[in-house]
Structures are given as C-alpha cells and as structure tokens.
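What follows is the residue order along each chain.
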Protein chains: 2
Amino acid sequence: MTDLSPLLTDLYQLTMMQGYVLSGLHRQEATFDLYFRRLPFEGGYAVWAGLEPMLDWLEGLRFTEADLDDLASLGQFRPEFLAALRGWRFSGEVTAFPEGSVVFPHEPLLTVRGPLWEGQLVETALLNTLNFQTLVATKAARCVLAAQVGGGSVLEFGARRAQGPDGAISAARAAFVGGAVGTSNVEAGRRFGIPVSGTHAHAWVESFPTELDAFRAYADFYPDSTTLLLDTVDTLGSGLPNALTVAAELREKGHELRGVRLDSGDLAYLSRVIRARLDEAGFPEVNIVASNDLSESVIAGVIAEGGRVDVYGVGTQLATAGGPGGGALGGVYKLAELGGQPRMKLTGDPAKSSLPGVKAVWRGTESTEKGEAAGELAWDVLTLGERPHAGLRVSDPTNPLRSARLPAGLTWHPAREVVMRGGQRTRPAEALGTLQARARDELSRLAPETRRLLNPHVYRVSLAPEVAELRDRVAQQLRGH
Amino acid sequence: MTDLSPLLTDLYQLTMMQGYVLSGLHRQEATFDLYFRRLPFEGGYAVWAGLEPMLDWLEGLRFTEADLDDLASLGQFRPEFLAALRGWRFSGEVTAFPEGSVVFPHEPLLTVRGPLWEGQLVETALLNTLNFQTLVATKAARCVLAAQVGGGSVLEFGARRAQGPDGAISAARAAFVGGAVGTSNVEAGRRFGIPVSGTHAHAWVESFPTELDAFRAYADFYPDSTTLLLDTVDTLGSGLPNALTVAAELREKGHELRGVRLDSGDLAYLSRVIRARLDEAGFPEVNIVASNDLSESVIAGVIAEGGRVDVYGVGTQLATAGGPGGGALGGVYKLAELGGQPRMKLTGDPAKSSLPGVKAVWRGTESTEKGEAAGELAWDVLTLGERPHAGLRVSDPTNPLRSARLPAGLTWHPAREVVMRGGQRTRPAEALGTLQARARDELSRLAPETRRLLNPHVYRVSLAPEVAELRDRVAQQLRGH
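- The name an unreviewed UniProt entry gives chain A is Nicotinate phosphoribosyltransferase, with Deinococcus wulumuqiensis as the organism.
- Recorded under Pathway (unreviewed entry), the UniProt text for chain A is reproduced unchanged: "Cofactor biosynthesis; NAD(+) biosynthesis; nicotinate D-ribonucleotide from nicotinate: step 1/1."

Here it is in structure tokens:
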C-alpha cells in the first residue's frame, strides 16, 4: 500500500482540481462523506475495513517530480497548476468509524473535511481500498460466523484466484479483520503479521512413487506441522488409510499428525466418515481441513448435515468476495458541504440522492448488566451534532414516510472519531489484532436475526429531524433553479 | 507488477520446495500445465491476458536477503534450504499462447518446463495474474462486441470499485487488451501507455452557484476536451439545456463540445432524446457517454431499444469482471510430467482430472480467399506433438464417449510458442497495442454463434487419440496402486 502514487486516481479528479484552482475555489472548506447504499451479500451488516492503510496513505501522499512530468505529458495541465502540486500534501481532517466496526447503509463511514481540491483528489483511492477491504472483511465475518456454529474456524486461501497481486494481499488483511485465523499468503503474512499456514498440493503426491511415500516424506520434514491432502487418488480408499499409517508412525516418534485435508467430494459425508475413523484409530486431535469452492452457505450446509470440519480453507469466494450481492461494494463519496453551505446531488433517482450537511453518527446500545459498552447494538442515528434522546421522531434515510420514535433505555455514543487532523493521525495506527477483536465484539453484540446469512432483520439507521429537514430544504432550492 | 516478491505465494509452495530439496527431487525435470475448465460469464470464448507481465516477473524473480530473513522467521525452513534460495532464479522454459489470443477450456494455455522446485514456486503468482487478467480481458471483449453492434466503444472506469489498487491497474491493462479504448485511471495510463480520459463529477457542479456556471467554467478551462455530466439536478430539464448553451458558446469561440454524459436514468430513452435534441441544435458530432452500472447485457439492451450511446463507461462490472459466471476464473496449474514420466491428478471427480504428458496445441482454421491465416477459427486439438490431419478421430476432453473425425479443409497451426527458454524471453515483450490487435483479429474470426453473449455454440477442443490413451493408461496405473 505504501507505494500508492497520487496518480492512482481518475483523470477527472485532476482536471477538476486544476479547474478549482483556476476558479479560485480550491481552498474552500469542503466536506465529503463516504458511504454505501446497500449491504453486500444480501446480508444484515458490514465490517468496516481498510481505514488504517488509508490513513498511512493520506499521511504520505506527495507528488514526485516523475509524477508531475507524467501529468505534464498528458497535455491538459498548466505549469502553474503543476507548480502548485509540488509540495502539495493532504492537510484535511478525517472522521471515521474505527476499523473493524460493524456498519450499515446510508451512514457516513468516513468524512473528509478540508480544502476542496484535497478532498477531491483522494476520492478514488479511498473508495478503491475501503470498498474492497470492507467487502472482504464482511465476507470473512459471514464465513466465520457460519463456521462457528460447528466449532470451526476459517483460513484465507485465495491468492491464486484473487484479483491481482494486491487483491490477494489486501484480501488476506481484510479477511483477518473479519475473523479469519490466518492466510496461506506468505507476503501478506510478513506485511501484516498474519499467521500463515498451509498443507501440500496434489503435485507433492504425484512427485513420489506412491502416495504413502509422499505422506511419509512430508511428515518426516515437518513432523509437527503436517496436514495431509487425501484426495489425489481416492480419499477414503487410499488417502485416509495412508494418512492413518503416517499418523501412527509420527506418534511412535513422539509427534502428532496435525491434520488431513479434503479438496473434493461431499464434504459433509466425507468429514463425518473421516472423523469417525480418526477417532476410532485414536486420533481425536487430528484436524479435518476442508477446501474446494467454499462459501458461507456451503459451510452452513456442511454443518447442517452433521459435517465435522475443523478448519475451512476459503479461497476464491473469500479473496474475491464472491456470491450473491458480492464482487464489489458500491461505496460512494459525495460532497456534503462547501464553504459552510450544504451541498447535495439530487439526480432522477431519489434513492441515489446524497445527504447534505456535516453529520454526526450516534449509536444506541441496549443497557446490560455488564455495563452500557457491552450492550446489544440497537439503532444508529444521524444528526447535525446533538445527541439523540428517547422520544425523538426519526425517519428512514430513503423513505420519509417511514418514521419512528426512539425508545427509552438506549445509551447513545458517538460511533465515529476524529482519526486525522491537519493531515496527521490523531493517534498511532491500531494493531490488526485490535481491529479483529473489535469486529468480533461488535458482531457478537448484533441481534442474531441481523447476523443471519439470509433474509436478516434490517438494522435501524435513521435521520434526526434536522437532517431530513436540511435535505428537503436543499432539494427544494435545487429544483427551484 | 515489478515489485512482486517471490513471497507472493502460498506457504505450501515453499514447504514443498524445501521438501523436494530434502528429498533430492528438486532438480527433476517437471512439466506443469496452466488451464481452466469452464469459460467465464457463461460465454463462448476467453481472451488470454497477463502473459507479458508474468514473463517480466519470471525474468526478475529473486529472493532478497530480507525475503530470506522473513522466511527464516517462520521457523519452518532449514538454513541449507534458505542458502539454496540465495542466488535462486527461474531457469525454465515457458510455452504459451501469445497474449491476446482467444482461448478455450481444457487446453494448456501456458506450460512451464524446468526443475520441479522452480515450477512449484511460481504457481501462485502465475495463476493470480493470468486468471485475473484473462477474466477482465474477456469481460472487456464481451462489452466491446456488444457496443460495436451500435457503433459504440468502451472505456474502463472502474478504479473506485476495483479489488484493491492493483486490481484497478491490472484491470485497466487487461480491459485494453480485450478492446477497451482507454481508461480513467491515470496510474494505469502512465504505466502501460493506455489513453486516459474523463469528464467531471457531480461535485464539480455542486461547487458552483449554478449548473450553468459549472459547465461554463469547465468548458473555459478545457475547451477542446469537455464532456458535461447532465444529471446532477435534472437531466433533460436542466442538464441538457445548459449543455446546449455551453456548446453554442464554445462554437462561437472556435471550439466544439466533445460530449455529454448520462449517469442515471433510462439510458436507452434518454440517449435517444438527447441525440435528437443535439442533432436538431446542430451538434451531431457531440458524443453521448453513458455510465451507471453498465455491463455487456445492459449495453446490448440499450442498443436493442434504439439507444444512441457513443461511448460506454463501464466501471464496476468491468474492473471486477462481475456478472453471472464472473468474479474469478478457475484456472489451475497441474503437474503433467516428472522426470520423463507422465503424471496426473485423478480425484473423485472425473471432470477435475488433469491430462498427463507434454502436449502440443494445434489450431485448425478455415481456408479463405484471403489466405489461411485469416480464416475462421474452427477447432483446437491437443496432441503429443504431431500435426492433426483430416480423418483423425478425436475425443472430447471430459467425455470420452463423444468423438468425431476431423474434417478436411482445415489448416493446422501450432497455437502456442516458446516464449521463454532458460529463464529468458525468446523475443522482446510485445506492445500492448499488438495484444489488443491480436484479440480484435481473433475475435473477428470466431463464428458469430460462438461470440454470442448468451447460449453460445461451444467451440471444439479435442484430444488426439494418443493424449486420451495416455490419460487412460496413467489413470489405470494410479487406480491399480
């Protein structure tokens, strides 16, 4: 991420920047909100990820002389503009949900305040990374919650099908934030300190005279970390008996086989049979690892049929965030205020209108015996600053006809914090383990109906009256033009 | 791509490499085939992309001291293995389809021959890049062929929704190979020499007192490259009249408005109305650019309803290769021969068995008046070397019961070439424009029924008898164990 240049942007950001400079508008104070309109995977929540790397990026953002030469060669930029980019840096303020938070549609996840041209330039890169990492962290959380039902865990295995090298590396990071216990990707492991693990491939087995020779050799070299792949020839007829032979030989030498891996066939049936045979043979501690086009719904299906998988190696579907409602998160980045005046995009489609004004996001949690910080997440409310209170009539962000009064008994906290001021972080970067722990905690505090894989209850995100009124007033002014 | 480390790999590649070294197998001559089993997007073809960057990568592959230190810290690698990696480089031979070729399932797209441990290490990175770029180039070709029906072209616009920074950059490259005329991504433009273009965003309009002020300012700064976004307030009621005003003002000053852009609403209807009004007002040369969640099927739908779009800005769906059968290409990399002996993976699922032996891919083309090189692509045949001939009985790769005799009248060419020998390219890198031209040429030589978006005819890929016999013999031996 550190080698991201400021040119990883859409051309129009730069032509607009130059236009703002030539119009004398570039130093006007602007507020941009980043948010999405629809949850991915037809699910009930998203896990916010990618913030910490983007704060690093914002802090380090500079135009090098090579960048300026390359811009000059496009023939659209004037010398005085290019001169202004020399020494340019991001000096704005960033308010955001802490990374790992559980988040929902229509709430500003990240707000950039600062000179207009700065806010404009950073749009593309912010959206790129925050969209993708949030998508993968959410996918990981869905897989992890599905696996937990059967006591299993999730490993990220997707490098070979990920969308490009960084797709693999970023996906491993985001999957860890969402709850994966590790990755097979060595580069991601070293960059982010994520545990790396692996087994062996079919090619290993094919490189020896027999499968048993191959298993023995692997166990000999890695006596304490061997997981044997059972399906190169015949899973139950050959792979499993050979693995049991090697498990017994390892034990004689004072070691234990760590696991066996299934990469084809009926995972529910095979894992039940294999668990029973391993247990009978005195190897109840040998893990069963499963791979082969897994997803949260396949995991749930394996568990529903009594499958006994301990570790799910999720590859393609996790690294590319595939499946219904997946592939891309539709996060957008919209101007909300300029020079102290509210701004909005109206468009023909009311659901795509943006919310003007500088907004605060408050999160209401249920009170519990453990104290308010541990209560169930209940309701998020956007205001123009003030704290929500019981009895306040709030409305749905896309349907003004739907309104409700806030109940008593909720405790209201600001859901976001100022993470950057004057272009500098307000606190040190958070460790990846902290982000994973935050996601785990907040997911555990969601209603089970909202965590559900399919047809979840919709978590409430509402507008305080003054936000809805501001939107209606600005829309009316725009239509009046 | 150049900063890819050898650690962008799955851990098991490295543990297997060490195992091969400790077993004394690492220098055995191995042959690995890279291929996929199913076409993406439920389509009839794929466009092969990503080869040239991977040849660069193979040539430059080295373990730095930092890489070796990081591997040592994992606690699984012995000093003698790490010492062997110092000075390690890829010394193998690579045979592949030239980049931009139209390719099909079950044929080896790329074959690596060389010492076993070299072939094993490079698997993950090769699959990562070739899977992704082939997927995006194919998606681009589908969009481009759909747009051509109405005389339109395709721009890649997807950076903000792409899967990570490199997802955006690689996607822009692959989209160009597949026929996109340019990208909005400035970094991709400079890295690969792809034309970059852009318009302006809603924020630009919102930054001025009125939409007309915003349009005038943009046209003033970019009098020869202005495309105005019409839908910030009201496309037909406000955006279009204001654009016409600015078009007339530009013309008075000796310039011409380049285009208008639609980003919401009914694109077929709006583009027809806008085309008519632009023409009536004397601006038949002003382009209509459309964006907003486009895909090949949306493009085909717009054209079927008489839409008049000149340039389709395809974002999310192109950069992430979304849609049915998209998101990931399931390319695999399988051992085919070791130490002169054929190798295969059998598994429980016959369709997932690999093809043993060192294979040649021959492509049969129809003879035409223009000469054989320009004929329609007709049939691909895998042999163990020899050229196919009329009357040869060939079989389907996954269903041995389906066989056919090759017809007379086809000209047979080797479809692949040796692109690397001894770890060095056999020829200079091909320019991106050459790759795009190759894809355009080969797509034009596919039967229209195979190019179809939905329910295409299946292009024939067959096995010569000796390939099928070798597979059956090796499978029998494996089952005999």
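Next comes the rest of the account.
### With respect to the overall build of chain A
Point 1. When its secondary structure is counted, chain A shows 17 helices and 21 strands.
Point 2. Dimensions of chain A, computed from C-alpha atoms along their principal axes, come out at roughly 80 × 60 × 40 Å.
Point 3. Taking the intrachain contacts of chain A between residues at least 6 apart in sequence as the baseline, contacts between residues at least 24 apart amount to 75%.
Point 4. Total accessible area on chain A is roughly 16,900 Å²; 50% of this is exposed by carbon and sulfur atoms.
Point 5. Side-chain charges of chain A comprise 48 positive and 57 negative groups, with the mean position of each set lying 6 Å from the other.

### Re the pairing of strand S3 (residues 93-96) of chain B
Residues and elements named next belong to chain B.
Point 1. With 4 bridges connecting them, S3 and strand S5 (residues 110-115) associate as antiparallel partners. Its bridge partner lying in S5, Glu 93 is registered against Arg 113.
Point 2. With 3 bridges joining them, S3 and strand S19 (residues 417-421) adopt antiparallel strand pairing. Bridging from a neighbouring strand, Thr 95 pairs with Val 418 of S19.

### As for the UniProt feature "domain: Nicotinate phosphoribosyltransferase N-terminal" (unreviewed entry) in chain A
Point 1. If you check UniProt for "domain: Nicotinate phosphoribosyltransferase N-terminal" (unreviewed entry), the listed places come out as residues 7-131 of chain A in our numbering.
Point 2. Helix and strand shares over residues 7-131 of chain A are 42% and 17% respectively, and the end C-alpha atoms of the span are 19 Å apart.

### Observations concerning empty space enclosed by the protein
Residue and element names in this part refer to chain A.
Point 1. Considering all chains together, one arrives at 2 cavities of 30 Å³ or more under this definition.
Point 2. Counted as a void, the largest cavity has a volume near 50 Å³.
Point 3. Lining the largest cavity, in full, are Leu 34, Phe 36, Trp 48, Leu 109, Leu 126, Leu 127, Leu 130, Asn 131, Thr 134, Leu 329 and Gly 331.
Point 4. The element that contributes the greatest number of residues to the lining of the largest cavity is helix H6 (residues 123-148), accounting for 5 residues.
Point 5. Taken together, the residues that form the lining of the largest cavity break down as 8 nonpolar, 3 polar and no charged.
Point 6. A volume near 30 Å³ is recorded for the second largest cavity.

### Observations concerning the packing of H6(A) against helix H7 (residues 165-177) of chain A
Residues and elements named next belong to chain A.
Point 1. In contact at an axis separation of 8 Å, H6 and H7 are set at 50 degrees when each is read in the N-to-C sense. Overall, the two elements H6 and H7 adopt an arrangement that is oblique. For the pair H6 and H7, the crossing hand works out as right-handed. Within the contact between the two elements, H6 uses Phe 132, Gln 133, Val 136, Ala 137 and Ala 140 and H7 uses Gly 167, Ser 170, Ala 171, Arg 173, Ala 174 and Ala 175.
Point 2. Tallied by class, the residues present in the contact of H6 with H7 amount to 7 nonpolar, 3 polar and 1 charged.

### Considering the UniProt feature "domain: Nicotinate/nicotinamide phosphoribosyltransferase" (unreviewed entry) in chain A
Point 1. Cross-referencing UniProt, the feature "domain: Nicotinate/nicotinamide phosphoribosyltransferase" (unreviewed entry) maps to residues 155-269 of chain A in the present numbering.
Point 2. Helix and strand shares over residues 155-269 of chain A are 50% and 10% respectively, and the end C-alpha atoms of the span are 21 Å apart.

### Overview of the environment of A:Pro165
Point 1. Position of A:Pro165 relative to the elements: it lies in helix H7.
Point 2. Between the alpha carbons of A:Pro165 and A:Leu478 there is a distance of 45 Å; along the sequence they are 313 residues apart.

### So, the interface of chain B and chain A
Point 1. Listed by partner, the interface residues are 102 residues for chain B and 102 residues for chain A.
Point 2. Summed over both partners, the interface of chain B with chain A buries about 7,600 Å², with 55% contributed by carbon and sulfur atoms.
Point 3. When the buried area of chain B at its contact with chain A is split by residue, B:Arg160, B:Gln163 and B:Glu206 rank highest and sum to 11% of it.
Point 4. Linking chain B with chain A are 8 salt bridges, by the criterion used here.
Point 5. At the boundary of chain B with chain A, the tally comes to 46 residue pairs in polar contact (both at pLDDT 80 or more).
Point 6. Residues of the side of chain B that touches chain A, tallied by class, amount to 45 nonpolar, 37 polar and 20 charged.

### Here's the deal with the sheet that holds strand S3 (residues 93-96) of chain A
Residue and element names in this part refer to chain A.
Point 1. The strand order S13-S12-S1-S5-S3-S19-S20 describes an open sheet built from 7 strands, whose pairing is antiparallel. Each having just a single partner strand, strand S13 (341-342) and strand S20 (424-425) make up the two edges of the open sheet.
Point 2. Of the strand pairs in this sheet, strand S1 (residues 29-35) and strand S12 (residues 332-338) are connected by 6 bridges, and their pairing is antiparallel. Directly across from Ala 30, in S12, lies its bridge partner Leu 338.

Scoring rules and cut-offs
- All residue numbers here refer to positions counted from 1 along the written sequence of the relevant chain.
- The order in which chains are written sets their letters, starting at A; the order in which ligands are written sets their numbers, starting at 1.
- A pLDDT threshold of at least 70 governs which residues receive local features in this predicted model, and a stricter bar of 80 or more applies before side-chain atom pairs are shown or counted, although totals over entire chains, interfaces and linings include all residues.
- The basis for every side-chain value is the complete set of heavy atoms in the structure, and neither hydrogens nor water enter the calculation.
- UniProt positions are given in the numbering used here, feature names are shortened, and annotations may be inferred rather than shown by experiment.
- Helix and strand assignments come from DSSP, with helices taken as H or I runs of at least 4 residues and strands as E runs of at least 2, each series counted from the N terminus.
- Contact between two residues is taken to exist if any of their heavy atoms lie within 4.5 Å; hydrogens are not considered.
- For accessible areas, the Shrake-Rupley method is used with a probe of radius 1.4 Å. Any residue's cover is judged against the shown protein chains and nothing else.
- For the charge count, each Lys or Arg is scored as positive and each Asp or Glu as negative, with His and the chain ends excluded.
- The location of each charge is read from NZ of Lys, CZ of Arg, CG of Asp or CD of Glu.
- When DSSP finds two or more bridges between a pair of strands, those strands are recorded as paired.
- Site definitions follow a grid-based scheme: protein atoms alone, a 1 Å grid, a 1.4 Å probe that fits but cannot get out for cavities, and for pockets an open set with protein on both sides within 12 Å along at least five of seven lines, plus lining residues having an atom within 4 Å of a point.
- Grid points are joined across faces, edges and corners, and a volume is the space filled by probe spheres set on the points.
- Three residue categories are used. Nonpolar comprises Ala, Val, Leu, Ile, Met, Phe, Trp, Tyr, Cys and Pro, charged comprises Asp, Glu, Lys and Arg, and polar comprises the others, including Gly.
- In this analysis, axes come from line fits to C-alpha atoms, helices being fitted only over the stretch in contact, and the angle between any two N-to-C directions falls in the range 0 to 180 degrees.
- Note on terminology: angles under 35 degrees are roughly parallel, angles over 145 are roughly antiparallel, angles of 65 to 115 are roughly perpendicular, and the others are oblique.
- If you view the pair so one helix is near and one far, a crossing is left-handed when the near helix is turned anticlockwise from the far one by less than a right angle, and right-handed when it is turned clockwise.
- A 1.4 Å probe defines the accessible area here, and the buried area is the portion of it lost by two parts on being joined, summed over both.
- Salt bridge criterion: a side-chain nitrogen from Lys or Arg within 4 Å of a carboxyl oxygen from Asp or Glu.
- Pairs of N or O atoms within 3.5 Å make up the polar contacts considered here, provided that, within protein, one atom can donate a hydrogen while the other can accept it, and that residues adjacent in sequence are counted only when both atoms are side-chain atoms.

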